[in-house]
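This is what each chain is made of:
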Amino acid sequence: MTSNGDDQGAATGRAGRVWAGAVYDGGPECIAQARRFATHFLVDGHGFAPASRVVGAVQLIVSELVTNARKYAFGPCALDLERIPSGVEVTVWDSSTTLPVARAADPERVGQHGLEIVLALCDRFAVERKPVGKRITVRVTCP
């Protein structure tokens, strides 16, 4: 299923689908829209409990990656979610070719902890530079 990110019908039409995707314009509302899209995919489409560890981890990962795309790529981004046998893969595409860099943990630093959070929540992290930007793929393993 492909969506323009407007959340219209995001919970319907996805039950049993292994993959879902949405495209966002990079506006301020895209972060919350992407988080809702991921929640609907997992809860309505795949039966995860809303308060489960997997849903919480995916919501936070989506929030951080879409926030970074909005903040640093200055344009549209795409979100793909895939239910795989071992868990869930989250992929965010954006138009910036600059690769993210994880900074050393620093409890004194205010902000810029997003990638640290993503790395702490995922079991696999990959970044690929593409001709028109980059693709970040994160895997969250289900118990």
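Structure's up top.
Worth saying up front: this structure is predicted, and the values here are computed from it rather than measured.

**Student:** Any chance you could explain the pattern of salt bridges here in plain terms?
**Tutor:** Side chains that differ in charge, positive against negative, can pair when their charged atoms come close. Applying the stated criterion across every chain yields a total of 4 salt bridges. Between Glu89 and Arg139 there is a salt bridge, and its shortest N-O distance comes to 2.5 Å. Taken together, the positions of Glu89 in strand β4 (residues 87–94) and Arg139 in strand β6 (residues 133–141) put the pair 50 residues apart, joining distant regions of the chain. Its salt-bridge partner being Glu128, residue Arg135 comes within 2.1 Å of it at the nearest N-O pair. Each of Glu128, Lys130 and Arg135 takes part in a single network of salt bridges with overlapping partners.

**Student:** I keep staring at the layout of surface pockets and nothing clicks. Help me out?
**Tutor:** Gaps left between atoms are located by rolling a probe of water-molecule size over the structure's atoms. Of the pockets and cavities examined, the largest pocket occupies roughly 490 Å³. Considering the residues around the largest pocket, the lining is formed by 25 residues, among which Asn68, Tyr72, Pro100, Val101 and Leu115 are closest to the centre. For the lining of the largest pocket, the secondary-structure elements that each account for two or more residues are α2 (53–73), α3 (114–121) and β6. Of the residues forming the lining of the largest pocket, the biggest block, 8 residues, is contributed by α2. Per-class residue counts for the lining of the largest pocket are 11 nonpolar, 8 polar and 6 charged.

**Student:** I keep staring at the nonpolar core and nothing clicks. Help me out?
**Tutor:** What tends to happen in soluble globular proteins is that the nonpolar side chains get buried as a cluster. Formed by 33 residues in total, the largest nonpolar core has its most connected members in Val58, Val62 and Leu79. Mapped by element, the contributors of at least two residues to this core are β2 (19–24), α1 (30–46), α2, β3 (77–84), β4, α3 and β6. At 9 residues, α2 tops the list of elements feeding residues into this core. When neighbours within four sequence positions are excluded, Leu79 is seen to be in contact with Ala20, Gly21, Ala22, Tyr24, Ala34, Phe37, Val62, Val90, Thr91 and Val92.

**Student:** So what exactly am I meant to see when it comes to the side chain of Glu89 here?
**Tutor:** What makes Glu89 buried here is its relative accessible area of 13%. In terms of polar contacts, Glu89 uses its side chain to reach the side chain of Arg139, at 2.5 Å. Ignoring sequence-local partners within four residues, the contact set of Glu89 consists of Asp80, Leu81, Glu82, Ile84, Arg124, Thr137, Val138 and Arg139.

**Student:** I'm lost on the pairing of strand β5 (residues 124–130) in this one. Help?
**Tutor:** Regular strands place side chains that alternate from one sheet face to the opposite one. Bridge count between β5 and β6: 7 bridges; the pairing is antiparallel. Opposite Arg124, over in β6, you have Arg139 as the bridge partner. Where β5 folds back on β6, the antiparallel hairpin that results is connected by 2 residues.

**Student:** So what exactly am I meant to see when it comes to the side chain of Thr39 here?
**Tutor:** As for its position among the elements, Thr39 is in helix α1. Within the local environment of Thr39, its side chain forms a polar contact with the side chain of Gln59, the two groups lying 2.7 Å apart. The contacts of Thr39, once residues within four sequence positions are left out, are Asp44 and Gln59.

Cut-offs used in this document
Residues numbered from 1 in each chain as written. Predicted model: local features only at pLDDT ≥ 70, side-chain atom pairs only at ≥ 80, totals over all residues. Heavy atoms only, no water. Salt bridge = Lys/Arg side-chain N within 4 Å of Asp/Glu carboxyl O. Helix = DSSP H or I, 4+ residues; strand = E, 2+ residues; numbered from the N terminus. 1 Å grid on protein atoms, 1.4 Å probe; cavity = no way out; pocket = protein on both sides within 12 Å on 5 of 7 lines; lining within 4 Å. Points joined across faces, edges and corners; volume = space filled by probe spheres on them. Nonpolar A, V, L, I, M, F, W, Y, C, P; charged D, E, K, R; others polar. Core = buried A, V, L, I, M, F, W, Y, C linked by side-chain atoms within 4.5 Å. Buried < 20%, exposed > 50% of the residue type's maximum accessible area, 1.4 Å probe, protein only. Contact = heavy atoms within 4.5 Å. Polar contact = N/O pair within 3.5 Å; in protein donor to acceptor, adjacent residues only side chain to side chain. Pairing = 2+ DSSP bridges.

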